[in-house]
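Chain residues, written in single-letter form:
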Amino acid sequence: MADPKIKAVRGTRDLLPPETALWNHLESVVRDVFRAYNFQEIRTPIFEETQLFVRSVGEETDVVSKEMYTWEDRGRAASDHGQSLTLRPESTASTVRAYIEHKLWDRGLNKLYYIGPQFRRERPQKGRYRQFYQIGAEVIGPPSAGSESPARDAEVIELLAALLDRLGIKNWTLELNSIGCANDRAAYNEALRAALAPVKDKMCADCQRRAVTNPLRVFDCKVPEDQPLIATLPLISQYLDEPCQKHFAAVKEILKSVGVDFVENLRLVRGLDYYMRTTFEFTHGALGAQNAILGGGRYDGLSESLGGPQAPGIGFAIGEDRLILALQETMGDVQPKPDVYIAPLGEGMNRESARLARELRRENLIVELGDETFRLKKSLETASKLGARYALIVGENEVKSGEFALKNLATGQQVSVPRPELITRIRQG
């Protein structure tokens, strides 16, 4: 009996052409936008010490309690043995760890971005995978560098609006809220516990647990039957102190001044413990019920909780898999097509064609090579199937004369072009 086929692990997937062309296009646009806003790239390890995420994300969050891929390192070195390691479920904690470890406060305000895979053992659904990809950014630094200014919040949010517009994603919605500072959160959590106590038994199992351990997370619930009860709970806006109110008001004023539309969602929270003050989400209807493309917020106390200095910060993470779903609605095939297909005709022409292809590729043209064993008809059919603009015929006569037949595959027009003029002629289209 044949062995069963080995397939991708459930909850993961392969990214294949031509879809990867859309991913590359997205990441190219993202890098251009980050460059315009003076962000610089950071690359952190794919796994970290487990305690980094326990201390930053929160032990009672679903990410830490149910979703992380964690194992005990049984390395040969005595220093490695027994160390608990985790595949990163998010990158804010890793970025702040790097900020502390490398004393990046010496640089003043740090505007950092990252693109890469994350890992969570969550239930696979549309646009969500156990290995998924995030594009994210963090603005972090000492207060003296302006890191806690509402202007930073507004700049990050405006960057995201500009990015979605540049990608051609229409009809997105920006939802905005403030969840206050640590003191506000403590008072609000107590109010939530009191309000949830008489009704939690009527809610889903997750909400029953959250009502005790982390009541703010109840607002993350997506169970339809729980929503009427959640709608009756107190609002965080009733518990914001004056500095938090002023900070939120300033963020909204700046966004209005630059023409970024938003709606206030007073029940919007972020699922991780380190968030405070400004929180936001961009949503899009193409993604169904779980319609968030990206989200983020401020985390002014995270550095201190990891043993670092005071370093207010704000950041976001874009679910790249889900953003691609939205892009597929608006964009066609972005796979680059060959500028020219070289069709070798006759023995020894593979060698001559390879030389010519090298010359053209050095000029940044996209070149596909045929094979000398192909008949001309097959070469032209292959060139058309690939979407090449031209077919370049390379035979013994062409090599001797130094003039080559260049066929426009859209019009059918064929002309003879001297070798020194090929690059110019192909570029002219």
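Our subject in this report is the structure included herewith. If you're wondering where the values come from, they're calculated on a predicted model, not measured in any experiment.

Some words on the sheet that holds strand β13 (residues 367–369)
- Strands sit in the order β13-β12-β14-β15-β16 across an open sheet of five strands; the sheet is mixed. Two strands in the sheet have a free side with no partner beyond their single neighbour: β13 and β16 (414–418). Averaged over all adjacent pairs, the angle separating strand axes in this sheet is 30°, with direction ignored.
- Here three bridges tie strand β12 (residues 340–345) to β13, and the two strands are oriented parallel to one another. Paired with Y341 across the two strands is E368, which belongs to β13.
- Where helix α12 (residues 349–362) meets the sheet, it contacts β12, β13, β14 (390–395) and β15 (403–408), and its direction lies at approximately 160° from that of β12.
- Where helix α13 (residues 376–386) meets the sheet, its contacts fall on β12, β13, β14 and β15, and the angle it forms with β12 comes to roughly 165°.

With respect to the pairing of strand β6 (residues 131–140)
- With respect to burial, β6 is a largely interior element, eight of its ten residues being buried.
- As defined by bridge partners, strand β5 (residues 110–119) adjoins β6 across ten bridges and the pair is classed as antiparallel. Looking at β6, one finds that Y113 is bridged to A137.
- When β6 meets strand β11 (residues 313–319), the two strands line up antiparallel, connected through seven bridges. Residue pairing across strands places I135 opposite I318, the latter belonging to β11.

Examining the pattern of salt bridges
- Within this structure, the stated rule accounts for 21 salt bridges.
- In this structure, the salt-bridge partner of R193 is E190, at a minimum N-O distance of 2.9 Å. With R193 and E190 both in helix α6 (residues 182–196) and three residues apart, this pair spans about one turn of that helix.
- Residue E190 is classed as partly exposed on the basis of its relative accessible area of 48%.
- E396 is paired through a salt bridge with K400; the nearest N and O atoms lie 3.3 Å apart. With E396 and K400 both in helix α14 (residues 396–401) and four residues apart, this pair spans about one turn of that helix.
- Residue classification places E396 among the partly exposed positions, given a relative accessible area of 48%.
- Relative accessible area serves as the criterion here: at 67%, K400 is assigned to the exposed category.
- Three or more residues joined by partner-sharing salt bridges are found here, namely R13, E19 and D321.

Observations concerning the environment of W105
- Residue position: W105 is located in the loop between α4 (92–101) and β5.
- Judged by relative accessible area, W105 falls into the partly exposed class, the value being 27%.
- The contacts of W105, once residues within four sequence positions are left out, are Y99, I100, N110, P142 and P309.

Details of the sheet that holds strand β4 (residues 83–87)
- Spatial ordering of the open sheet is given by β2-β4-β3, a layout of three strands whose pairing is antiparallel. Only two strands of the sheet have a single neighbouring strand rather than two, namely β2 (47–49) and β3 (70–73). On average, each strand axis in the sheet is tilted by 35° relative to the strand beside it, whichever way the strands run.
- In the packing of helix α2 (residues 50–57) onto the sheet, contacts are made with β2, β3 and β4, and the angle to β2 comes to roughly 75°.

Some thoughts on the pairing of β15
- Judged from the four bridges that link them, β14 and β15 form a sheet pairing that is antiparallel. Opposite L392, over in β15, you have L406 as the bridge partner.
- Where β15 meets β16, five bridges bridge the pair, whose relative direction is antiparallel. Each bridged residue has a counterpart across the sheet, and for L406 the counterpart in β16 is V415.
- Where β15 folds back on β16, the antiparallel hairpin that results is connected by five residues, among which G412 adopts a positive phi of roughly 85°.

Concerning the side chain of S178
- By the element assignment, S178 lies in strand β7 (residues 173–178).
- Among the polar contacts made by the side chain of S178, one reaches the main-chain amide nitrogen of G180 at a distance of 3.4 Å.
- With residues near it in sequence (within four places) discarded, S178 still touches I236, L240, F248, R277, T278 and T279.

Cut-offs used in this document
Residues numbered from 1 in each chain as written. Predicted model: local features only at pLDDT ≥ 70, side-chain atom pairs only at ≥ 80, totals over all residues. Heavy atoms only, no water. Pairing = 2+ DSSP bridges. Helix = DSSP H or I, 4+ residues; strand = E, 2+ residues; numbered from the N terminus. Axes fitted to C-alpha atoms, helices over the stretch in contact; angles between N-to-C directions. Contact = heavy atoms within 4.5 Å. Buried < 20%, exposed > 50% of the residue type's maximum accessible area, 1.4 Å probe, protein only. Salt bridge = Lys/Arg side-chain N within 4 Å of Asp/Glu carboxyl O. Polar contact = N/O pair within 3.5 Å; in protein donor to acceptor, adjacent residues only side chain to side chain.

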